[in-house]
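# Structure assessment
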Amino acid sequence: MKIRNLSIPLATALLAACVTSPTGRSQLMMVSDSQMSQMGLASFNDMRKQGKFVDAPRERAYATCVSNALIAVLPPPWNTQQWEVQIIGDDTANAFALPGGRIGVNRGMFKIATDQDQLAVVLGHELSHVVSRHGAERVSDNLAAQAAVAAGTIYAGTRGSDAGNAAALLGVGAQVGILLPFSRTQENEADILGQRYMAQAGFDPRAAVTLWNKMSAQGGSKPPAFLSTHPSSGNRAQALNQQAEKLLPVYQQARASGHAPNCRM
C-alpha cells in the first residue's frame, strides 16, 4: 500500500468530521452521540457490577440536588435527558459525568467541596465535558493519531527506515502534538462552560476560585505544565477569577429569577 492511498481517504474523513464546540472551537468528531452514550452507559454499568457504588443516601441526594439545578440550564438535549447520580466509595477528590446521562461523585469530593457552590463547580465542569462532546473528541483524536502513526510507519518502510523506531517516535509525537494539547484545551473549555452554567443555575461563580485553590493545596507530585492535561493551578485560578467577575450579573439575575438552589447534606 502506498502512503497516498491511505492519506487521501483519511484527509477526506477528517474534513467530513469537523464540528464546532459550544465555545466556537473546531472539533474532530468521528463517532456519534449514540455510540458515546452506549460507551458511557456500559462503563457506568461495569462500575455498578464491580461494586464501586456505595449506599450513601444523604450524599447522593445532595449531589443529585446540585446536579439537577445545573442540568436544568444545560442546552438540549442534555437538559431533558434522564440523569442518574451515584456515590463512589473512594476517598480521593474526584467526580465525572458520562455520555448517556450518568454522574459519579467520589466520597472524598465532599471533603474538599464543602458547600453547594463548590460542588457545583466540580459538577458543572464535568457536565460541560459531556455537553462539549469531549469524550467523542478524545476518541476521534486517538483514531486520527493511530492513522497518522500507521501512515508514517508505511512511509518509513518505503524509505528504508526502521519501521519500529519510526512508529515509536511518531507515537510520542502524536501524543504530545495532538492528544495532550487537545486535552488541555478541553479542560479550559470545561472550566469556562461549567462556571457559566453554575452562574445561570444560581450558584456563586466565585466559588470556582475557592475550590481550585483548595484542590491545589492538596499537594502531591505534579507533571510539568507542558505535559499536563490540566492547566497549571495558578493560571487556572486567575482565569476563573476573571470570569467570575464577569458572571456575577448572570448569577444575580438567576437568583432574582427564581434560580436559587438550596442543596444541603
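Formed by 41 residues in total, the largest nonpolar core has its most connected members in Val 66, Leu 70, Ile 103, Val 105 and Leu 119. Put simply, the parts of the chain that give this core at least two residues each are helix H3 (57-71), strand E3 (84-88), strand E4 (95-98), strand E5 (102-106), helix H4 (109-112), helix H5 (116-131), helix H7 (163-200) and helix H8 (207-216). Per element, the largest residue contribution to this core is 8 residues, and it comes from H5. Core analysis: the next-biggest nonpolar cluster, separate from the first, contains 6 residues, Phe 53, Ile 88, Phe 96 and Leu 98 among them.

Right, let's talk about the packing of aromatic side chains for a bit. Here the distance between the centres and the angle between the planes together describe a pair of aromatic rings. Here the structure, examined in full by the defined rule, presents 3 aromatic pairs. Look at Phe 44 and Phe 96: their rings are 6.3 Å apart centre to centre, the planes differ by 70°, and that puts the pair in the edge-to-face class. Taken as a pair, Phe 44 in helix H2 (residues 33-49) and Phe 96 in strand E4 lie far apart in primary sequence, 52 residues in all. Residue class for Phe 44 comes out buried when judged on its relative accessible area of 0%. You can call Phe 96 buried: its relative accessible area is 19%. Taking 6.0 Å as the distance between ring centres and 40° as the angle between the ring planes, the aromatic pair formed by Tyr 62 and Phe 110 counts as tilted. In this pair, Tyr 62 is assigned in helix H3 and Phe 110 in helix H4, connecting sequence segments 48 residues apart. Across this residue pair, the class does not change: Tyr 62 and Phe 110 are buried. Put simply, the rings of Phe 44, Phe 53 and Phe 96 touch in pairs and so form one group of aromatic residues. Between the NZ or CZ atom of Arg 236 and the centre of the ring of Trp 212, over which it lies, the distance is 3.9 Å.

This part is about the pattern of salt bridges. A complete count under the given rule lists 6 salt bridges for this structure. For Glu 84, the salt bridge identified is with Arg 48, shortest N-O distance 3.0 Å. Of the two residues, Glu 84 is situated in strand E3 and Arg 48 in helix H2; the sequence distance between them amounts to 36 residues. Among the ionic pairs, Arg 102 bridges to Glu 84, the shortest N-O distance being 3.3 Å.

Here H5 is 16 residues long and its end C-alpha atoms lie 21 Å apart, about the 22 Å a rise of 1.5 Å per residue gives. Within H5, 16 of the 16 residues are buried, leaving the element largely enclosed by the surrounding structure. Regarding H5, its N-cap is Asp 115, as a side-chain oxygen of that residue lies 3.1 Å from the backbone nitrogen of Asp 117 further along. Within two residues after H5, Arg 133 carries a phi angle of roughly 55°, on the positive side.

Right, let's get into the sheet that holds E3. Strand order in this open sheet of 3 strands is E3-E5-E4, and the pairing throughout is mixed. Single-partner strands in this sheet number two, and they are E3 and E4. Within this sheet the neighbouring strands show an average axis-to-axis angle of 15°, counted without direction. Looking at chain direction, E3 and E5 are connected through 5 bridges and run parallel. Note on E5: the bridge partner recorded for Gln 86 is Gly 104. H3 rests against E3 and E5 of the sheet, and its axis sits at about 140° to E3. Where H5 meets the sheet, its contacts fall on E4 and E5, and the angle it forms with E4 comes to roughly 30°.

Attention now goes to the packing of H3 against H5. Contact geometry for H3 and H5: axes closest at 9 Å, N-to-C directions at 60°. Judged by the inter-axis angle, H3 sits oblique to H5. Read as a crossing pair, H3 and H5 show a hand that is right-handed. Counting all contacts with H3, which are made through Tyr 62, Ala 63, Val 66, Ser 67, Leu 70 and Ile 71, the residues of H5 involved are Gln 116, Leu 119, Ala 120, Leu 123, Gly 124 and Leu 127. Of the residues that constitute the contact of H3 with H5, the class distribution is 9 nonpolar, 3 polar and no charged.

Cut-offs used in this document
- Residues numbered from 1 in each chain as written.
- Predicted model: local features only at pLDDT ≥ 70, side-chain atom pairs only at ≥ 80, totals over all residues.
- Heavy atoms only, no water.
- Core = buried A, V, L, I, M, F, W, Y, C linked by side-chain atoms within 4.5 Å.
- Buried < 20%, exposed > 50% of the residue type's maximum accessible area, 1.4 Å probe, protein only.
- Helix = DSSP H or I, 4+ residues; strand = E, 2+ residues; numbered from the N terminus.
- Phe/Tyr/Trp six-rings, centres within 6.5 Å; stacked < 30°, edge-to-face > 60°.
- Lys NZ or Arg CZ within 6 Å of the ring centre and 35° of its normal.
- Salt bridge = Lys/Arg side-chain N within 4 Å of Asp/Glu carboxyl O.
- Expected span 1.5 Å × (residues − 1).
- Polar contact = N/O pair within 3.5 Å; in protein donor to acceptor, adjacent residues only side chain to side chain.
- Pairing = 2+ DSSP bridges.
- Axes fitted to C-alpha atoms, helices over the stretch in contact; angles between N-to-C directions.
- Contact = heavy atoms within 4.5 Å.
- Parallel < 35°, antiparallel > 145°, perpendicular 65-115°, else oblique.
- Left-handed = near helix turned anticlockwise from the far one by under 90°.
- Nonpolar A, V, L, I, M, F, W, Y, C, P; charged D, E, K, R; others polar.

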